[in-house]
Amino acid sequence: MKKKMLIMTVAAASMLFACQRHKDNEQQALADASKQELVQALNERDQLLSLVNEVTTGLEEIKQLENIMTVTARNPEKNASQRAQLQADMASVKERIEQRQAELKALESKLAKANLGNTKLKETVKTLQAQIDTQLEEIETLKQQLAAAQEKIGTLTGEVGTLHSTVSTVTDERNAAKEASAQLEKALNTCYYVVGTKAELKAQKIIETGFLRKTKLMQSDFNQSSFVISDKRVLSTLPLQADKVKVLTNHPADSYELAEVNGQQVLKIKDAAAFWSLSNYLVVQKN
């Protein structure tokens, strides 16, 4: 009987020892699991803090882009290369923000599966997600503003080119008109004169004479090269290099005078408009 009792006691002790060992193993397993979860939670917290810093950096980057946009808008014609660089910078910033967004989503998924209480971290995730969404919207707005600015610059460039072309055409037309006006004014003020003896004038077919006939000016076929070309506006005095002269062409008598200077006759035009009103030619015969 005693022997049987001893066996039962030993068996019970063995069972108790086994149960205690199993319990200890479970507690150790729980302790190890808790440590792992704690380590994981700490890692997730560190990742979240790192993302907070990166999102803050993203805000600064967008602010810098906005400042550059403002400067570029003030001098659009001088910042073509800067606009191209700005476009590249926007694409780079957007790529980094999207990368942070992906990392935040992965971290959110891990937190959702975690057993430890991390309400604060989840709230931070939501806040960061809202900030990232806002940053992406701001980048998109900046891209649209840059595209609109480039389109406006293209339109202005085209308008400037058209204006340059118009100005060039108008300038050419103005110059042509000025040239035509100058040519017309020159033609209107061109006059011709010749001074020669009777024989010289006849030889040049400027006058004709005959037996018992008065000297007569030829109406045509005279030698144009015999005349000196001058300008009515500047021709006021004509030395005739003779002591006796006769004006053969028709000019108002009160528009000119013949005066003697140092024994030589000089024709002085007193009223140019009246003097040349009847003819653009002056023929003077000297003896």
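What you are looking at is a predicted structure, and each value in this text was computed from that prediction instead of being measured.

Participant: Explain the overall build of the protein to me, and be specific about the residues and the numbers.
Facilitator: Counting its secondary structure elements, the protein contains 5 helices and 9 strands. Mapped in sequence order, the helices and strands of the protein form the string α-α-α-β-α-β-β-β-β-β-β-β-α-β. Per-residue burial for the protein yields a buried fraction of 25% across its 287 residues. The contacts of the protein with a sequence gap of at least 6 include a subset with a gap of at least 24, amounting to 69%. With the model as given, the accessible surface of the protein reaches about 19,800 Å², and the carbon-plus-sulfur share is 55%.

Participant: Can you tell me about the sheet that holds strand β1 (residues 190-196), naming the residues and giving the values?
Facilitator: With mixed pairing, 4 strands are arranged side by side in an open sheet as β4-β1-β9-β6. Each of the sheet's edge strands pairs with one partner strand only, and the pair in question is β4 (228-231) and β6 (245-247). In this sheet, adjacent strand axes meet at a mean angle of 25° when their direction is disregarded. The sheet contact formed by β6 and strand β9 (residues 281-286) spans 3 bridges and is antiparallel. By the bridge assignment for β9, Lys 246 is matched with Gln 285.

Participant: Tell me about the pairing of β1, and please be specific about residues and values.
Facilitator: Counting buried residues in β1 gives 6 out of 7 residues, a clear majority hidden from the surface. Both β1 and β4 contribute to a ladder of 4 bridges, which runs antiparallel. Opposite Tyr 192, over in β4, you have Ile 229 as the bridge partner. Pairing geometry for β1 and β9, over 5 bridges, is parallel. Across the sheet, Tyr 192 pairs through a bridge with Tyr 281, a residue of β9.

Each value, and the rule that gives it
Residues numbered from 1 in each chain as written. Predicted model: local features only at pLDDT ≥ 70, side-chain atom pairs only at ≥ 80, totals over all residues. Heavy atoms only, no water. Helix = DSSP H or I, 4+ residues; strand = E, 2+ residues; numbered from the N terminus. Buried < 20%, exposed > 50% of the residue type's maximum accessible area, 1.4 Å probe, protein only. Contact = heavy atoms within 4.5 Å. Areas by Shrake-Rupley, 256 points an atom, 1.4 Å probe, with all protein chains shown as cover. Pairing = 2+ DSSP bridges. Axes fitted to C-alpha atoms, helices over the stretch in contact; angles between N-to-C directions.

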